[in-house]
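Structural overview
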Amino acid sequence: MSAAATATTKVAPAAAPQPAPRPGVPRHVGIIMDGNGRWATARGLPRALGHKAGAEAARRVVEAAGDAGIGWLTLFAFSSENWQRPAEEVRDLTALMRHYLATEVARLVKEGVRLRIIGDRDRFGPETVRAIARAEQATAGGTRLNLTVALSYGGRAEIAAAAREIARRAAAGTLDPESVDEHCFSGFLGTAGMPDPDLIIRTSGEKRISNFLLWQAAYAEFVFQDVLWPDYGAPHLQSAIADFAGRERRYGARAA
């Protein structure tokens, strides 16, 4: 079992390394999908229909990411804080998630997409946990795109869980505390085996990262787009990639 598999975070092993991305294309893109509720409210629709429209946008973006040559795509679908929303909305969200796990797997397999879920999946109950495991297993052979969906996920909780596991192993004498460097620590996160994100996108015009990939985003570029998630599509993703391609990434070093 991966070191990243803790009591609160269970993940499938990462896929084999992807070929080098196209010039100017980020290898790993993370997206904070924001604006479903506002989209629905603006149209006088129930929030549940906003989430349904957001799921359709996710389908478009998965396809666009594969076409663009992105090897890794991580979508922030349900945060650990989202459990504080009204019970009816949480039920709608989890029902929609189960529906897409049941209906989208065949398409993901056909398109060469490998699915993995990070976050506290156990909070969704045994039926959903089994559905997630089936979807991960069915798509395990995909090599065109690694799709990670963050569900019941929070960056701080992920870091705390990693620290607890390291402490347990150190107390048991199976891990030397002096050996714990950044690389070692990363192996205890839900994203173990994945490259750090090069680009993080947030939709809806908000300009914050909301507890998403806090450790992994240390050197990510950020693009904030003023479009509600259900309206998002390939042109918006291409715009973000073009913005990314125009930046100079120095990782703390001084430009030559």
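Cut-offs used in this document
- Residues numbered from 1 in each chain as written.
- Predicted model: local features only at pLDDT ≥ 70, side-chain atom pairs only at ≥ 80, totals over all residues.
- Heavy atoms only, no water.
- Salt bridge = Lys/Arg side-chain N within 4 Å of Asp/Glu carboxyl O.
- Helix = DSSP H or I, 4+ residues; strand = E, 2+ residues; numbered from the N terminus.
- Buried < 20%, exposed > 50% of the residue type's maximum accessible area, 1.4 Å probe, protein only.
- Expected span 1.5 Å × (residues − 1).
- Bend = angle between axes of the 7 residues up to and from the residue.
- Contact = heavy atoms within 4.5 Å.
- Phe/Tyr/Trp six-rings, centres within 6.5 Å; stacked < 30°, edge-to-face > 60°.
- Axes fitted to C-alpha atoms, helices over the stretch in contact; angles between N-to-C directions.
- Parallel < 35°, antiparallel > 145°, perpendicular 65-115°, else oblique.
- Left-handed = near helix turned anticlockwise from the far one by under 90°.
- Nonpolar A, V, L, I, M, F, W, Y, C, P; charged D, E, K, R; others polar.
- Pairing = 2+ DSSP bridges.

**A closer look at the pattern of salt bridges**
Under the counting rule described, the total for this entry stands at 17 salt bridges. Between Arg38 and Glu206 there is a salt bridge; the shortest N-O distance is 3.4 Å. Residue Arg38 is found in helix α1 (residues 36-42), and its partner Glu206 is found in the loop between β5 (199-202) and β6 (221-224); the two are separated by 168 residues along the sequence. Its relative accessible area of 37% is what places Arg38 among the partly exposed residues. Overall, Glu206 belongs to the partly exposed group, its relative accessible area being 24%.

**Here's the deal with helix α3 (residues 87-110)**
An ideal rise of 1.5 Å per residue puts 34 Å on 24 residues; α3 measures up with 35 Å between its terminal C-alpha atoms. Approximately 50° is the largest bend angle found in α3, and it occurs at Glu104. Listing the buried residues of α3 in full gives Glu89, Val90, Leu93, Thr94, Leu96, Met97, Tyr100, Leu101, Glu104, Val105, Arg107 and Leu108. Buried residues along α3 sit in contact with α2 (47-68), β2 (72-79), β3 (113-118), α4 (126-138) and β4 (145-153). Within two residues after α3, Gly112 carries a phi angle of roughly 75°, on the positive side.

**Topic: the packing of aromatic side chains**
Enumeration according to the criterion identifies nine aromatic pairs in this entry. Residues Phe76 and Phe212 carry aromatic rings whose centres are separated by 4.8 Å and whose planes lie at 15° to one another, so their mutual orientation is stacked. Pair noted here: Phe76 is in strand β2 and Phe212 is in the loop between β5 and β6, with a separation of 136 residues, a long-range link. Phe212 matches Phe76 in its accessibility class, with the two residues each being buried. Taking 5.0 Å as the distance between ring centres and 75° as the angle between the ring planes, the aromatic pair formed by Phe78 and Trp83 counts as edge-to-face.

**Thoughts on the packing of α2 against helix α7 (residues 234-245)**
α7 packs onto α2 with a crossing angle of 45° between their chain directions and a minimal axis gap of 9 Å. Considering the angle they form, α2 stands oblique to α7. Judged by the twist between their axes, the crossing of α2 over α7 is right-handed. Here α2 contributes Val61, Ala64, Ala65 and Ala68 to the contact with α7, which in turn contributes Ala234, Leu237, Gln238 and Ile241. Counted by class, the contact of α2 with α7 contains seven nonpolar, one polar and no charged residues.

**Some points on the sheet that holds β5**
Think of a sheet as strands paired side by side through backbone hydrogen bonds, with each pair either parallel or antiparallel. Taken in spatial order, the six strands of this open sheet run β3-β4-β2-β1-β5-β6, and their pairing is parallel. Each edge of the open sheet is held by one strand with a lone partner, namely β3 and β6. Across the sheet, the axes of successive neighbouring strands diverge by a mean angle of 20°, strand direction being ignored. Judged from the seven bridges that link them, β2 and β4 form a sheet pairing that is parallel. By the bridge assignment for β4, Leu75 is matched with Val149. The strands touched by α3 are β2, β3 and β4; relative to β3, the strand with the most contacts, the crossing angle is about 155°.

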